[in-house]
Amino acid sequence: LKFWLGAPPLCAVSCMAELRATRPPAVRPGRCLGRGSLNCCLWGCLLVLLQRACLPLTWLQPGGLALHRPGGLRRGWRSSTALAAAEGTIREEKGSWPALYKWAEDTGMDMTDIAIEVAPVDLAPGELGLLAKAPIAAGDVLAWAPSSLLLTKGKAVAAFGDAVSELPDRIALALLLIHEQYVKDTSLWSIYLSMLPSFAGDVSGPSFLWTEEEWEWLEGSDCRGASEAMRTTVLNEYEALAPQVTEALAEAFPPRVLTVERYLWAQAVVASRAYGDDEEGQNLAIAPLVDFLNHRAGALQLTRFSNGIVAHAHQSYSAGDQVFVSYGGKNNAQLLSQYGFIDEGNQNEAVYLRMGSHLKLAAPQLEAKRRLLEELLGDYRDPGDAILRVAIKPREWQAELIPVARILALSDEDTMPESVRDLRAPQPSRHEAAAWDLLAEAMELRSEEYPTPLEETKRLIEGELSERQLLAVRLRQSEQELLQLARSYVIGQRDIALENPAELD
């Protein structure tokens with residue numbers, strides 16, 4: 001697990017005094033940020049689940065939390081009731097933007113060139129986004145958050161000391177969110193926190209928050225197994241973490257504060273709103289205001305400068321348009337499990353075929369096939385249970401999947417290649433057609449894992465469904481359409497191999 005950093009102590013209260021009226025950078029160079037990357041242990045559960053691997057809590061240090069009790073921690077919980085009751089007021093009001101704007105200005109943030117506002121959008125019920133208040137040109141700053149307003153592991157270390165210094169960023173951020181909710185009225189981020197979703201009916205939320213009955217609607221999609229594994233990981237993490245935190249930081253986290261419900265909420269906020277410097281989630285941060293930007297493929301990702309995180313426009317916008325950033329090239333199962341939405345027409349859509357389930361490594365010439373697969377797949381994937389990606393554009397998967405199929409299709413009649421390099425080019429017609437046949441069969445087996453055929457899945461959308469049920473069915477439809485498209489292409493290539501044997505030979 002590599003999702004994580006530390007920072008020198010800095011009292012959370014002193015952040016207010018240290019805020020400076022800095023302006024967002026007008027230039028573009030900087031580090032592009034990916035929102036909530038999937039290469040960490042938790043958000044990588046999708047691929048891990050596909051490989052049927054375990055999910056060890058590697059981020060918990062064997063020695064547990066250091067027993068450090070810093071002074072100056074603030075007390076008082078606005079309400080002992082669920083977070084939904086404590087957080088929904090401002091978010092649900094039509095006039096929420098003036099409160100957030102005033103908060104940003106009061107903290108010293110320069111809002112002079114910010115031509116956006118937070119408002120409800122038609123992405124999904126309850127969702128907020130950023131709308132242009134005036135024309136915006138490509139390259140203009142959409143929104144920014146100075147370093148002093150970022151929620152980071154450094155801020156958690158400032159508040160809690162060495163007790164959290166060895167924890168991953170993701171966990172430290174979750175604890176910081178829970179504590180700032182606990183001290184709500186005196187928190188630097190009080191107005192911002194009041195605009196966050198509760199995931200208790202206001203928005204659908206990441207699918208790892210869903211119920212088992214709602215997960216049933218994900219049947220067939222890898223999103224179901226990933227969601228179950230992610231929730232199990234968070235719950236196991238909570239059981240191991242909570243006793244240590246409440247002992248080491250009793251003043252900051254009384255037992256009634258660090259509840260499993262609040263920990264799930266905080267992890268959902270981190271999953272759906274935090275940004276990392278790279279695909280491994282280095283320097284994780286939540287950027288208030290910036291994190292209200294919704295996703296659109298093709299938009300620009302965020303950029304981190306020395307004085308904050310900035311979003312730039314990838315195109316021109318008219319007043320009233322919703323403005324966007326990109327969360328990175330994620331398929332819909334990733335978007336739903338981590339953020340709670342899907343992107344219809346997602347050009348990054350992908351499904352996975354599994355060795356052993358959809359593609360079989362079998363005789364004849366079993367050992368020679370295994371040797372070739374090991375050469376092709378590298379040191380980190382076992383040919384017996386490797387997962388193989390199928391994307392919308394064949395050129396994105398052919399370079400790996402076609403050689404795999406050619407290896408598996410080798411028979412006693414074929415000359416065994418010395419290297420997988422010999423299988424990169426089209427093979428003799430009988431062998432080539434057999435390889436494409438294997439792929440078509442694998443995609444058919446994968447399609448049969450869904451509870452309904454594609455046409456029936458489409459009809460389900462026309463019925464009375466809850467928001468989460470509708471998201472699940474739309475995800476199934478998107479994946480099933482991809483498999484249908486890919487299988488049609490594969491069958492076409494097989495037919496070409498059969499019709500033009502001389503040309504291939």
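Refer to the structure printed above.
What this report covers is the structure whose coordinates are included nearby. Because the structure is a prediction, the values reported are computed rather than measured.

## A few points about the overall build of the protein chain
And then number 1: Along the protein chain, the regular secondary structure elements total 17 helices and 13 strands.
And then number 2: Intrachain contacts of the protein chain at a sequence separation of at least 6 include 75% that bridge at least 24 residues.
And then number 3: Summed over all atoms, the accessible surface of the protein chain reaches about 20900 Å², with 50% contributed by carbon and sulfur.

## A word on the sheet that holds strand E11 (residues 322-325)
And then number 1: Across the sheet, four strands lie side by side as E2-E3-E11-E8; this open sheet has mixed pairing. The two strands at the open ends of the sheet, each matched to only one other strand, are strand E2 (116-120) and strand E8 (294-295).
And then number 2: One ladder, built from five bridges, connects E2 with strand E3 (residues 128-132); its direction is antiparallel. Counterpart to Pro 120 in the pairing with E3 is Leu 128.

## Some details on unusual backbone geometry
And then number 1: Cis rather than trans, the peptide bond between Ala 363 and Pro 364 has omega equal to 10°.
And then number 2: Tracing the sequence through the fold places Pro 364 in the loop between strand E12 (350-354) and helix H12 (366-377).
And then number 3: Look at Leu 289: it is not a glycine, yet its phi comes out positive at around 80°.
And then number 4: Note on placement: Leu 289 falls in the loop between strand E7 (285-286) and E8.
And then number 5: With relative accessibility at 2%, the residue Leu 289 sits in the buried group.
And then number 6: One non-glycine residue, Gln 365, lies in positive phi territory at about 55°.
And then number 7: Assignment of secondary structure puts Gln 365 in the loop between E12 and H12.

## What about the pattern of salt bridges?
And then number 1: As enumerated under the stated definition, the model contains 22 salt bridges in all.
And then number 2: Across the salt bridge formed by Arg 406 and Glu 432, the nearest N and O atoms sit 2.8 Å from each other. You can see Arg 406 sitting in helix H13 (residues 398-408) and its partner Glu 432 sitting in helix H14 (residues 429-447), a full 26 residues away along the chain. When sorted by exposure, Arg 406 lands in the same class as Glu 432, which is buried.

## Observations concerning the environment of Pro 125
And then number 1: The topology assignment puts Pro 125 in the loop between E2 and E3.
And then number 2: Given a relative accessible area of 53%, Pro 125 falls into the exposed group.
And then number 3: Spatially, the C-alpha atoms of Pro 125 and Asp 202 are 7.5 Å apart, while their sequence positions differ by 77 residues.
And then number 4: In this structure, Pro 125 is in contact with Asp 202, Val 203 and Glu 467, ignoring residues within four places of it in sequence.

## A look at the nonpolar core
And then number 1: Core analysis: the largest hydrophobic core is formed by 94 residues, its most contacted members being Leu 175, Tyr 192, Phe 253 and Leu 289.
And then number 2: At nine residues, helix H6 (residues 169-182) tops the list of elements feeding residues into this core.
And then number 3: Beyond its immediate stretch of four places on either side in the chain, Phe 253 contacts Phe 160, Leu 175, Ile 178, His 179, Val 245, Thr 246 and Leu 258.
And then number 4: Ranked by size, the runner-up nonpolar core spans 36 residues in total, among them Ile 402, Ala 435, Met 443 and Val 490.

## Comments concerning the packing of H12 against H13
And then number 1: Where H12 meets H13, the axes come as close as 9 Å, and the angle between the chain directions of the two elements is 170°. As judged from the angle between their axes, H12 and H13 are roughly antiparallel. For the pair H12 and H13, the contacting residues are Lys 369, Leu 372, Leu 373, Leu 376 and Leu 377 in the first and Glu 400, Pro 403, Val 404, Ile 407 and Leu 408 in the second.
And then number 2: In terms of residue class, the contact of H12 with H13 is built from eight nonpolar, no polar and two charged.

## Notes on the pairing of strand E9 (residues 302-305)
And then number 1: Residues of E9 alternate between two faces, with Leu 302 and Arg 304 on one and Thr 303 and Phe 305 on the opposite face, all of them buried.
And then number 2: Strand direction decides the pairing type here: E9 and strand E10 (residues 308-312), joined by three bridges, are antiparallel. Across the sheet, the residue bridging to Arg 304 is Ile 309, located in E10.
And then number 3: Hairpin connection, E9 to E10: the antiparallel pair is bridged by two residues.

## Focus: the side chain of Ser 326
And then number 1: With respect to the helices and strands, Ser 326 occurs in the loop between E11 and helix H11 (332-338).
And then number 2: A relative accessible area of 8% places Ser 326 in the buried class.

Parameters and conventions
Note that residues are indexed from 1 along each chain, following the sequence as it is written. This being a predicted model, a pLDDT of at least 70 is required before a residue's local features are given, and a value of 80 or more before pairs of side-chain atoms are given or counted; all residues contribute to the totals for chains, interfaces and linings. To obtain the side-chain values, all non-hydrogen atoms of the structure were used and water was disregarded. Only runs of H or I of at least four residues qualify as helices and only runs of E of at least two qualify as strands under DSSP, and these elements are numbered from the N terminus. For this analysis, residues touch if any pair of their heavy atoms sits within 4.5 Å. Accessible areas in this description were obtained via Shrake-Rupley with a 1.4 Å probe; residue shielding takes into account the shown protein chains only. The rule for pairing is simple: two strands pair if DSSP sees at least two bridges between them. The rule is simple: take the accessible area with a 1.4 Å probe, protein chains only, and divide by the maximum for that residue type; under 20% is buried, over 50% is exposed, in between is partly exposed. The term salt bridge refers to a side-chain nitrogen of Lys or Arg lying within 4 Å of a carboxyl oxygen of Asp or Glu. Buried residues of nine kinds, namely Ala, Val, Leu, Ile, Met, Phe, Trp, Tyr and Cys, make up a nonpolar core once their side-chain atoms join them within 4.5 Å. Here the axes come from fitting lines to C-alpha atoms, over the contacting stretch only for helices, and the angles between their N-to-C directions go from 0 to 180 degrees. Note on angle classes: values under 35 degrees are labelled roughly parallel, values over 145 roughly antiparallel, values of 65 to 115 roughly perpendicular, and the remainder oblique. Charged means Asp, Glu, Lys or Arg here, nonpolar means Ala, Val, Leu, Ile, Met, Phe, Trp, Tyr, Cys or Pro, and polar covers whatever is left, Gly included.

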